[in-house]
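Letter by letter, the chains look like this.
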Amino acid sequence: MQMGFYFDQTRCTGCNACRVACKDWNDVPEGPEAWMQVKYLEQGETPDVFVAYMIQTCFHCESPICAEACPAGAITKRPEDGIVLVDRNACLGKEECGAKCLKACPYDAPQFGPEPGAKMGKCVFCTDRLVQGKMPSCVEACYTRALDFGPLDELQKKYGQAVEAPNFKYSKRTKPSVIMNPKNPK
Amino acid sequence: MENPQHSQDVRIVRATSAFDCGGRCPLLLHVKDNKIIRIEGDDHPDSDRQLRTCLRCRAYRKYVHHPERLMHPQKRAGAKGEGKFERISWDEALSILSDKLKETKDKFGPESILLMTGGGYLASLHSGSMAAPRLLNQFGGYTTHYGNISSEGAVWASLVQYGSVMVGHSREDMLNSKLIILWGWDPARMISGSNTMHHLLKAKENGARVISVEPRYTDTAAAVADKWIPIYPGTDTAMMAAMAYVMITEDLHDQAFLDKYTIGFDKFKEYILGDEDGQAKTPQWAEAVCGVPAETIADLAREYAAAKPAALMDCQGPARSAMGEQYCRFAATLSAMTGNVGKPGGSACGGLMGIPIGHMFRMSAIPPGKNPVEMTGPKIKGTLDIRDRVIKRIHINKLWEAILEGKAGGFPADVKMAWSMCNNYLNQIGNANKGDKALKKLPFFAVNEIFMTAQARYADLLLPVTTAAERSDLTYAWPSGPYYTFVNRAIEPLGECKSDLEICEMLSDYLGVKDYRLGAKEDDILKHMVDQNPVTSKYVTDFDKFKNDGIHRIELKEPYIAFRKQIEDPENNPFDTPSGKIEIYSQRVADINSPKCPPVPKYIPTFEDRNDPLFEKYPLQLLTPHPRNRVHSEMYKVEWLREAEPHVLWIHPKDAEARGVSNGDDIQAFNDRGRVALKAFVTQRIKPGVVCMFEGAWYQPDENGIDRGACANTLTKDDYSGGGAAVMNTSLVQVAKA
Ligand code: SF4
Ligand code: SF4
Ligand code: SF4
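Under an unreviewed UniProt entry, the name given to chain B is Anaerobic dimethyl sulfoxide reductase subunit A, and the organism recorded is Desulfatibacillum alkenivorans DSM 16219. Quoted straight from UniProt, the Sequence similarities (unreviewed entry) entry for chain B says "Belongs to the prokaryotic molybdopterin-containing oxidoreductase family."

**Student:** Break down the overall build of chain A for me, citing the residues and quoting the values.
**Tutor:** Helix and strand counts for chain A stand at seven helices and seven strands. If you line up chain A on its principal axes, its C-alpha atoms span 50 × 35 × 30 Å. Here chain A holds 186 residues, and the buried ones make up 59% of them. For chain A, restricting intrachain contacts to residue pairs at least 6 apart in sequence, the fraction spanning at least 24 positions comes to 60%. When the accessible surface of chain A is summed, it comes to about 7,600 Å², and 53% of that surface belongs to carbon and sulfur atoms. Within chain A, one finds 23 positive and 23 negative side-chain charges whose respective centroids are separated by 3 Å.

**Student:** An account of the overall build of chain B is needed here, citing residue identities and associated values.
**Tutor:** What chain B contains, in helices and strands, is 26 helices and 26 strands. The C-alpha radius of gyration computed for chain B amounts to 25 Å, which stays within 12% of the reference 27 Å derived for 738 residues, consistent with globular compactness. Taken along the three principal axes of its C-alpha coordinates, chain B extends 75 × 60 × 55 Å. Taken over 738 residues, chain B has a buried fraction of 67%.

**Student:** Go over unusual backbone geometry, please, and point to the residues and values.
**Tutor:** Between A:T46 and A:P47 the backbone carries a cis peptide bond, its omega angle lying at 0°. Mapping A:P47 onto the fold places it in the loop between β2 (37–45) and β3 (48–56). Looking along the chain, the bond that leaves B:K308 and enters B:P309 is cis, with omega of -5°. Along the polypeptide, B:P309 turns up in the loop between α13 (294–306) and β12 (310–313). Despite not being glycine, B:I191 has its phi angle at roughly 75°, a positive value. Relative to the helices and strands, B:I191 resides in the loop between α6 (187–190) and α7 (196–205). Not every positive phi belongs to a glycine, and B:N593 is a case in point at roughly 55°. Here B:N593 lies in the loop between α24 (587–592) and β21 (620–623). Its relative accessible area of 65% is what places B:N593 among the exposed residues.

**Student:** An account of the interface of chain A and chain B is needed here, citing residue identities and associated values.
**Tutor:** In this complex, chain A contributes 42 residues to the contact, which on the side of chain B involves 50 residues. Carbon and sulfur atoms make up 46% of the surface buried where chain A meets chain B, a total of about 3,800 Å² over both sides. The partner of B:E40 in a salt bridge is A:R129, and the shortest N-O contact between them spans 2.9 Å. Across the chain A-chain B interface, the total number found is 34 residue pairs in polar contact (both at pLDDT 80 or more). Those elements that provide at least two residues to the side of chain A that touches chain B are α1 (17–26), β2, β3, α5 (127–130) and α6 (137–141) of chain A.

**Student:** Hey, could you go over the UniProt feature "domain: 4Fe-4S Mo/W bis-MGD-type" (unreviewed entry) in chain B for me, with residue numbers and the actual values?
**Tutor:** Mapped onto this structure's residue numbering, the UniProt feature "domain: 4Fe-4S Mo/W bis-MGD-type" (unreviewed entry) falls at residues 10–68 of chain B. With 15% helix and 31% strand, the stretch residues 10–68 of chain B has end C-alpha atoms that lie 25 Å from each other.

**Student:** Go over the nonpolar core with me, naming the residues and quoting the values.
**Tutor:** All names here are of chain B. Counting 253 residues, the largest nonpolar core has L29, Y60, L97, W183, M239, W400 and W419 as its most contacted members. Looking at this core element by element, the count peaks at eleven residues for helix α9 (residues 236–249). Counting residues in hydrophobic clusters, the runner-up holds 19 residues, among them L622, I651, V661 and A710.

**Student:** So what's going on with the environment of B:F108? Which residues, and what values?
**Tutor:** All names here are of chain B. Among the secondary structure elements, F108 is positioned in helix α3 (residues 90–108). For F108, a relative accessible area of 40% gives the class partly exposed. Through-space distance from the C-alpha of F108 to that of M174 is 55 Å; in sequence the pair is 66 residues apart.

**Student:** Break down the sheet that holds strand β26 (residues 731–737) of chain B for me, citing the residues and quoting the values.
**Tutor:** All names here are of chain B. One closed barrel accounts for six strands, arranged β21-β25-β22-β24-β23-β26; its pairing is mixed. Mean inter-strand twist for the sheet, computed between neighbouring axes without regard to direction, equals 45°. Across three bridges, the pairing between β21 and strand β25 (residues 690–692) is parallel. Along β25, the bridge assignment pairs L622 with V691.

**Student:** Report on the packing of aromatic side chains, specifying residues and quantitative values.
**Tutor:** Scanning all chains against the criterion turns up 29 aromatic pairs over all chains. Site record: aromatic cluster; members linked through ring pairs are A:Y40, A:Y53, B:W650, B:F681 and B:F694. Geometry around B:Y585 places B:K267 over its ring, the cationic atom sitting 4.3 Å from the centre. The side chain of B:R675 reaches across the aromatic face of B:F670, ending 4.1 Å from its centre.

**Student:** Explain the site of ligand 2 residue by residue, including any values.
**Tutor:** All names here are of chain A. Looking at ligand 2, there are 13 residues lining it, with C22, N26, C123, C126 and C138 nearest. Mapped onto the shell around ligand 2, the elements with two or more residues apiece are α1 and α6. Split into classes, the residues belonging to the shell around ligand 2 amount to ten nonpolar, three polar and no charged.

**Student:** Residues and numbers for helix α5 (residues 152–162) of chain B, please.
**Tutor:** Of all the eleven residues making up α5(B), ten are buried; the element is thus mostly covered by neighbouring parts of the structure. One or two steps after α5(B), the chain reaches B:G163, where phi turns positive at roughly 70°.

**Student:** Can you tell me about the side chain of B:T237, naming the residues and giving the values?
**Tutor:** Residue position: B:T237 is located in helix α9. Not counting chain neighbours up to four residues away, the residues in contact with B:T237 comprise B:M323, B:Q326, B:Y327, B:F330, B:K602 and B:Y603.

**Student:** Provide a residue-level description of the domain arrangement of chain B, including the pertinent values.
**Tutor:** Residues and elements named next belong to chain B. We note that the domain assignment places domain 1 (11–64), domain 2 (74–146 + 368–467 + 487–515), domain 3 (153–351 + 561–567 + 578–591) and domain 4 (613–737) within chain B. Taken together, the contacts link eleven residues of domain 1 with nine residues of domain 3. A combined buried area of about 620 Å² lies between domain 1 and domain 3, and 40% of that area is made up of carbon and sulfur atoms. Of all residues in domain 1, G22, D48 and R56 bury the most surface against domain 3, accounting for 52% of the area lost on that side. Summed over the shared surface of domain 1 and domain 3, the result is one salt bridge. Ionic pairing is found between D48 and K202, a salt bridge with its closest N-O pair at 2.7 Å. Linking domain 1 with domain 3 are six residue pairs in polar contact (both at pLDDT 80 or more).

**Student:** Now, about helix α19 (residues 500–511) of chain B: what can you tell me, with residues and values included?
**Tutor:** Residues and elements named next belong to chain B. End to end, α19 covers 16 Å across twelve residues, agreeing with the expected 16 Å (1.5 Å per residue, within 8%). Taking burial as the measure, the twelve residues of α19 include nine buried ones, the bulk of the element. Turning to α19, its buried residues are D500, L501, I503, C504, E505, M506, L507, S508 and L511. Phi turns positive, to about 75°, at G512, one or two residues after α19.

**Student:** Break down empty space enclosed by the protein for me, citing the residues and quoting the values.
**Tutor:** All names here are of chain B. Tallying each qualifying case throughout the model produces ten cavities of 30 Å³ or more. Reported here for the largest cavity is a volume of approximately 410 Å³. Together, 32 residues line the largest cavity, and G184, C315, G317, P318 and R320 are the ones closest to its centre. Of the residues in the lining of the largest cavity, the class split is 15 nonpolar, ten polar and seven charged. Among the domains, domain 3 (153–351 + 561–567 + 578–591) and domain 4 (613–737) are the pair contributing at least three residues each to the lining of the largest cavity. If you add up the space inside the second largest cavity, you get close to 150 Å³. In terms of lining residues, the second largest cavity is bounded by 16 residues, among which G168, H169, M313, S347 and M353 are the most central.

Quick notes on the rules
Residues numbered from 1 in each chain as written. Chains lettered and ligands numbered in written order. Predicted model: local features only at pLDDT ≥ 70, side-chain atom pairs only at ≥ 80, totals over all residues. Heavy atoms only, no water. UniProt positions renumbered as here; feature names shortened; annotations may be inferred. Helix = DSSP H or I, 4+ residues; strand = E, 2+ residues; numbered from the N terminus. Buried < 20%, exposed > 50% of the residue type's maximum accessible area, 1.4 Å probe, protein only. Contact = heavy atoms within 4.5 Å. Areas by Shrake-Rupley, 256 points an atom, 1.4 Å probe, with all protein chains shown as cover. Lys, Arg positive; Asp, Glu negative; His and termini not counted. Charge placed at Lys NZ, Arg CZ, Asp CG, Glu CD. Rg over C-alpha atoms; globule rule 2.2 N^0.38 Å. Buried area = accessible area lost by both parts, 1.4 Å probe. Salt bridge = Lys/Arg side-chain N within 4 Å of Asp/Glu carboxyl O. Polar contact = N/O pair within 3.5 Å; in protein donor to acceptor, adjacent residues only side chain to side chain. Core = buried A, V, L, I, M, F, W, Y, C linked by side-chain atoms within 4.5 Å. Pairing = 2+ DSSP bridges. Axes fitted to C-alpha atoms, helices over the stretch in contact; angles between N-to-C directions. Phe/Tyr/Trp six-rings, centres within 6.5 Å; stacked < 30°, edge-to-face > 60°. Lys NZ or Arg CZ within 6 Å of the ring centre and 35° of its normal. Near = heavy atom within 4 Å. Nonpolar A, V, L, I, M, F, W, Y, C, P; charged D, E, K, R; others polar. Domains from an automatic or database assignment. Expected span 1.5 Å × (residues − 1). 1 Å grid on protein atoms, 1.4 Å probe; cavity = no way out; pocket = protein on both sides within 12 Å on 5 of 7 lines; lining within 4 Å. Points joined across faces, edges and corners; volume = space filled by probe spheres on them.

In structure tokens form, the structure reads like this:
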């Protein structure tokens, strides 16, 4: 089984509740490290403007290139649900290896705090919530219900096969576990 | 890694915030060792019905446990405004305040005490805006302000047109609309009732066509609008007048509806057709004023008249302008012309969007009694003539001038001391630099606060206040439930903090005011408040369950529709106006006899519009909408929220290019009132000629008087419209690269 996210770009208002809820549940400190971020896209000219938001998080890829890149073997993919996790004790710290995981990841998912020797942190799919039968914190937080989660095959059944969307490029190399409802310019 | 949720000493407390926010979202606070360690949202089993909180309350614990919270009483130790303080005891603090109150009353009379209480804490029991008036009424009186910054224009308009402020529909009714016109409304940011955006998205998915009329392409518009019609600020009524012109001349309006339910349409028609002033309000005329192509205006008029039902969603934002009430009256008039008042899928307009269930205006409170200083004034209950309201009170957007000029300036009192709570006035009313002068001149200033806000820095005496997490209370959303919420005390007060009510109770002993203390347990008082409130008691019958759940949801059999009774059975349900009808022409307004208050809604030229000679020097119109990542100026210090959206000035590429400004550049925006420094956000999402910065960032003048915090109100004017609206969206500015 592979866990994945669903993102309905047509519903996202860029509010950042997901970002803050993720920081809250996972106790991510103030500063640039954010396991869930919201990217902004603007195109066109007044009054025919196109604005779309896109989530930026770890998509728990089928072939996690981050894991291959890590010289310490700190990143592993759980066989039972495909969730990609980092062992922060094994992580060498951003200067030591030059943040190889971040460089390899097509989605800038691996995050580091500003302090020297910062260990990599990224979306853990709120595994502690999943075992309690709860939604991931970001999904629970989204007031427009733009986010959903679940086994990828179930998401496909529910929402279809779309994996491309404005401001998102599906990596055939890593195969991110995400289904999109893209918002396209009129 | 230890998971605190699994440890036994974690309690889950059901609460909400009590911010001055349009939403009121249930929170599950995880509390351990008197600390909130995590937050979850509403756990209603039907996830579609969950009242999901926005990013603000998701960061609630970082606000409650912020390292910069004020923890002890303090008195000033430097110059006024310098922000230097020394710690004192509660005894010393209360002695200072009570001595000042007594001395001022004896020497200058109670009217020279200015009490400033705001909406920063919207709950029933601990709110300073209830507790302090009750105390000072018993003490001998005070002068206070009239009005609130947010909604006076919309309130005035709704009272004129309908005689009621409950002009909203419950939000799910948007699913009944064929056409939704967002006229200045951006619920994605300012929330406007928890789940409002969710319902708007559903309405869109249900097939509604959505059009946004706004100087900005808002996040709401970006999510739902089929079309954006950019318009100049303050000119909404010109476009609306032209829409009325098109409907009248093409016979698209619902004359039967107008005949049956309204009075004064003929007089309105005379104005529209130009019989009154020689100017027909044609789309061509409007185009020159509002910057919307004539054809676009005519198309919208035709579309709005044809789509049944259609919801024109006006709001309070554009009404915060120099003729703001005209916009809400005009919207309501268009709604009557299209027969959309009182109908499912329609909208009454009026800007307030409230329904009477769970509404802030129906909040429980301990009656504060009468203010001895106001006993002799004119009767102002329900008056539409603002001049009567400012005989005994000071308009909220004139506080600084009143302090500086006193009676000589036509204000009701010479202010010798002020006491402020639940508001960061210096930041949140117009003209912060004038506020800086006024607060430096003011002989004594006491402030109840949670943080060292822009205003708190000017205090002579600072009293530390608890957050909503440190007390139990009943809360309400501004506009509507339909639900009631109970705030369960999550943690014991931090430091030496007290609620405003507790401060008043302690102070009553020092003032010798007898019988002020409630002398009952918090929960017992709250139960009493629920039981005594005629609306709440109808719904909340099991107090213990209510407290336990933190919320009582009301199941509406069908969406609540404002004025449904009046429309379905007009014989037995007149409108609460003198004529019993929707008043497109208002005799009460005609009697005010002021050019600022025409009896039918109009477009009126104002100060700092695009025709003001000042426009040459300051050619950009400034908008100051609600921020997303704080509630006005509350939560400003929370880093999680600040990093989610930097404080920037929206400017169109054309205007930016003309000034050599690129995206992300340091810029300054300025006018004769002040100068702010911030970064430019160069975007196609704003009409050329308009700039926008979100209100609430804290005023922080440097030694040259440049506001480095970039508070929007450093640039806004301290004035009000004919209907009493604060003119937060009527300012001309210039922008330059820093
Ligand atoms: S998104 Fe990036 S960090 Fe996450 S599994 Fe894929 S490659 Fe690794
Ligand atoms: S699943 Fe959990 S850890 Fe991952 S982005 Fe969402 S909130 Fe953060
Ligand atoms: S919480 Fe939902 S609407 Fe808000 S930014 Fe995240 S995905 Fe978008």
